[in-house]
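Here is what each chain is made of, one letter per residue.
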Amino acid sequence: MDMTELIIATLLGILIGWQAAKRVHLQGFRDLLRALKVTEQDLRRAMLRVQSGEWQPEDTEGSKDGTVVYVKLEQQGTEIFAYRKSDNQFLAQGSNADSLIERLNQNLTPCRVVVAQEDGADLLLKNNT
């Protein structure tokens, strides 16, 4: 096999592999949509909502129904304490970030918890506890 045949065989292999991978991924995506019971009409409606500007991504301030809780963190020894920023109410404590987050999830109704950098967000980093 000379160099020209090798190059042609390589390019042909890349092309065939590319097309096969595309078909496998497309079929997997179709199967996922079918399992989620998403129809083509649902996709078209969603596309039209996005294009018309009717749908907006969720803002970082949360929803209008007050589901955002601003939290301040403090570390005392090996424990991290979480307080509601607005009224300094104790919310939860944990020995590390994971246990604190777990307890916050248990104590608070479904909401978004926001911890600003100046309020101790760095205490949630894995290497700080």
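What you see is a predicted model; the values in this text were computed from it and never measured.

Along the chain, the regular secondary structure elements total 3 helices and 4 strands. Along its sequence from the N terminus, the chain presents helices and strands in the succession α-α-β-β-β-α-β. The 129 residues of the chain split such that 17% are buried. Within the chain, contacts between residues at least 6 apart in sequence are counted, and of these 37% link residues at least 24 apart. As displayed, the chain has an accessible area near 10200 Å², and 58% of this comes from carbon and sulfur atoms.

Attention now moves to the nonpolar core. Grouped together as the largest cluster of nonpolar side chains are 11 residues: Val69, Val71, Leu73, Ile80, Ala82, Leu91, Ala92, Leu100, Leu104, Leu108 and Leu123. At the level of secondary structure, the elements contributing two or more residues to this core comprise β1 (68-76), β2 (79-84), β3 (90-94) and α3 (97-107). It is β1 that contributes the most residues to this core, 3 residues altogether. Among all residues touching Ala92, those that are not within four sequence positions of it are Ile80, Phe81, Ala82, Leu100, Arg103, Leu104 and Asn107.

Reading the values: the criteria
- Residues numbered from 1 in each chain as written.
- Predicted model: local features only at pLDDT ≥ 70, side-chain atom pairs only at ≥ 80, totals over all residues.
- Heavy atoms only, no water.
- Helix = DSSP H or I, 4+ residues; strand = E, 2+ residues; numbered from the N terminus.
- Buried < 20%, exposed > 50% of the residue type's maximum accessible area, 1.4 Å probe, protein only.
- Contact = heavy atoms within 4.5 Å.
- Areas by Shrake-Rupley, 256 points an atom, 1.4 Å probe, with all protein chains shown as cover.
- Core = buried A, V, L, I, M, F, W, Y, C linked by side-chain atoms within 4.5 Å.

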